[in-house]
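For reference, the chains in residue letters:
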Amino acid sequence: MPDTVRLAVMQPPADLGSAKERIAWVRDRLPRLTTDGVEIALLPELFLCGYHIGDAVSERTEPLDGPGFDAMRDLALQSGIALHYGFAEACEGHIYNTALCVGPDGTRLSHQRKLAIPPGFEQAHFTPGTGCDLFTYRGMRFATLICYDAEFPETVRHVASLGAEVVLVPTALGAQWGWVGHTMIPCRAYENGVYLAYANSAGSQNDMDFLGASVIAAPDGHEAARAGAEPEIIYADLDPDQVKAAQTRLPYLTDRTSLRLD
């Protein structure tokens, strides 16, 4: 079995300004992550452009291989840490709410577009994506779901059924949705026997207050790490043996196939 994988969930202040300022925020913290042995770091939804920016999102888009990717790739190469981050992707006249992971060798490990566009400003700007992108890193299988996507039991169950051991969820959860962050998300980990890492922002951006409360939920549902309301970085060692143990103890993924529902 592979060794454990050390994950950091980075909870930045929501009111960071330009992409340059946001990238600098990550850069300034990479020495600490390197010292702490981090191998992969998760950042929030639409991190590079900011989430609650209304029509300005159309001015902050970039293609898949745009300047934001170049900057994050350079940070990954310099630090030896895989960086998973969100941005607004421009492609063939559409805008997608997208997350990428760039590996420590500078290669793109994943490309995931948000599947479910929730009510609010997102519906006026973003096109839904299709499909789920899994990738292998340090011997473990990872999937990405973006914010609202993970609130559907079907999506987490789907990627777990495909073999994901870790589900990475960049989010932009408002302060009024505490039950989602504190109860629903750990439940998603428990009911599938997987790790679920949930990266939110802290503080306020424009007139939106963010919950913070980023979490790394273990396969048995307990909180391996939980952030508060302020900017913070949390850590956990992801252990594939814990995934196997949880799925053996409660074999939901296999036993569901025997249910006779009609």
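Residues numbered from 1 in each chain as written. Predicted model: local features only at pLDDT ≥ 70, side-chain atom pairs only at ≥ 80, totals over all residues. Heavy atoms only, no water.

Enquirer: Help me understand the pattern of salt bridges in this model?
Expert: If the charged atoms of two oppositely charged side chains come close together, the side chains can form a pair. Taken as a whole and assessed by the stated rule, the structure comprises 10 salt bridges. Across the pair Arg-138 and Glu-39 runs a salt bridge whose closest N-O atoms are separated by 3.2 Å. With Arg-138 in the loop between strand E6 (134-137) and strand E7 (140-144) and Glu-39 in the loop between helix H1 (19-35) and strand E2 (40-42), this residue pair connects regions lying 99 residues apart in the sequence. Here Glu-89 and Arg-113 are joined by a salt bridge, their closest N and O atoms 2.8 Å apart. Separated by 24 residues along the polypeptide, Glu-89 in strand E3 (residues 82-91) and Arg-113 in strand E5 (residues 108-113) bring together distant segments of the chain. Residue class for Glu-89 comes out buried when judged on its relative accessible area of 2%. On the basis of relative accessibility, which here comes to 21%, the residue Arg-113 falls in the partly exposed class. Via salt bridges that share partners, Glu-45, Lys-114 and Glu-122 belong to a single interconnected network. (Salt bridge = Lys/Arg side-chain N within 4 Å of Asp/Glu carboxyl O. Helix = DSSP H or I, 4+ residues; strand = E, 2+ residues; numbered from the N terminus. Buried < 20%, exposed > 50% of the residue type's maximum accessible area, 1.4 Å probe, protein only.)

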